[in-house]
Amino acid sequence: GNSVTQMEGPVTLSEEAFLTINCTYTATGYPSLFWYVQYPGEGLQLLLKATKADDKGSNKGFEATYRKETTSFHLEKGSVQVSDSAVYFCALGGGATNKLIFGTGTLLAVQP
Amino acid sequence: EAGVAQSPRYKIIEKRQSVAFWCNPISGHATLYWYQQILGQGPKLLIQFQNNGVVDDSQLPKDRFSAERLKGVDSTLKIQPAKLEDSAVYLCASNPSVTNTEAFFGQGTRLTVV
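Here the structure is a predicted model, which means the values were calculated and not measured.

What counts and how
- Residues numbered from 1 in each chain as written.
- Chains lettered and ligands numbered in written order.
- Predicted model: local features only at pLDDT ≥ 70, side-chain atom pairs only at ≥ 80, totals over all residues.
- Heavy atoms only, no water.
- Phe/Tyr/Trp six-rings, centres within 6.5 Å; stacked < 30°, edge-to-face > 60°.
- Helix = DSSP H or I, 4+ residues; strand = E, 2+ residues; numbered from the N terminus.
- Buried < 20%, exposed > 50% of the residue type's maximum accessible area, 1.4 Å probe, protein only.
- Disulfide = S-S within 2.5 Å.
- Contact = heavy atoms within 4.5 Å.
- Buried area = accessible area lost by both parts, 1.4 Å probe.
- Salt bridge = Lys/Arg side-chain N within 4 Å of Asp/Glu carboxyl O.

A. Inspection of the packing of aromatic side chains at higher detail. With the rule as written, the count across this model stands at 12 aromatic pairs over all chains. Geometrically, the ring pair formed by Tyr36 of chain A and Phe105 of chain B is edge-to-face, given 5.5 Å between the ring centres and 80 degrees between the ring planes. With Tyr36 of chain A in strand β5 (residues 32-38) and Phe105 of chain B in strand β10 (residues 104-105), the pair connects residues from two separate chains. For Tyr36 of chain A, a relative accessible area of 0% translates into the label buried. Feature note: the residues Phe34, Tyr36, Phe89 and Phe102 of chain A together with Tyr33, Tyr35 and Phe105 of chain B constitute an aromatic cluster, connected by ring pairs.

B. Region of the structure containing unusual backbone geometry. Omega for the peptide link from Ser7 of chain B to Pro8 of chain B comes to -10 degrees, which places this bond in the cis form. Take Pro8 of chain B: it is sitting in the loop between β1 (5-7) and β2 (10-13). Of the consecutive residues Gln80 of chain B and Pro81 of chain B, the connecting peptide bond is found in the cis state with omega at -5 degrees. Although it is not a glycine, Lys60 of chain A adopts a positive phi angle of roughly 55 degrees. A positive phi angle is found at Lys71 of chain B, which is not glycine, with a value near 55 degrees. Locating Lys71 of chain B in the fold gives a position in the loop between β7 (65-69) and β8 (75-79).

C. How the structure looks around the state of the cysteines. All names here are of chain A. Evaluated as defined, the whole model comprises 2 disulfides over all chains. Paired by a disulfide, Cys23 and Cys90 hold their sulfur atoms 1.9 Å apart. Classification of the bridge connecting Cys23 and Cys90 rests on its S-S torsion, roughly -70 degrees, and on that basis the disulfide is left-handed. In this pair, Cys23 is assigned in strand β4 (residues 23-26) and Cys90 in strand β10 (residues 86-94), connecting sequence segments 67 residues apart.

D. The arrangement of the interface of chain B and chain A in detail. With 24 residues of chain B in contact, the opposing surface of chain A contributes 20 residues. For the pair chain B and chain A, the summed buried surface comes to about 1600 Å²; carbon and sulfur atoms form 49% of the total. At the surface where chain B touches chain A, the tally comes to 2 salt bridges. Across the pair Glu102 of chain B and Lys49 of chain A runs a salt bridge, and its minimum N-O distance is 3.7 Å.

Below, the structure written as structure tokens:
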């Protein structure tokens, strides 16, 4: 069945460092791919998405490119801020019911 | 635009008791989801409604969990009787339609079973 694997955390970075959080997926067909973010005490928020191969999703300085050849959707940001500290979830959606399947989440802690 | 509303935010119950959670999706959203998020894990889909019909409940433990969506709007999720392993955050999400690729989440209900 469909699944998502993302790198384990926590990831601890200093402010202004470069961020990469790896995400790979297994799916039949052509799923849509998402990154959701969960700030402390808050619900899940959509960060960015890509709906077809080679699409690049971007938002708030974060980017991810849908790579069908490597079945990956890695999240990147060139310069992280303390306010980016949160849990990041990679997810895929698709199929007849378009349900979302999530990875286990990666905790990012950015230190000043 | 108002977001997905859930209540209560927190609930503590003893094992074998029952509990109910409520969700009010974004107005006009046809699709409603309930997810279970155990600490340290990603959310897992429990049940998906399209209007007031069930689309997917393959991972709902039907011996103790039940859910309904009244008139295709609000939804309730019930657990009876609760077990310790039900301790989790229960997330409700909605989506304009099953063909839309984005879901909007509520803040969740944190359940602790002692």
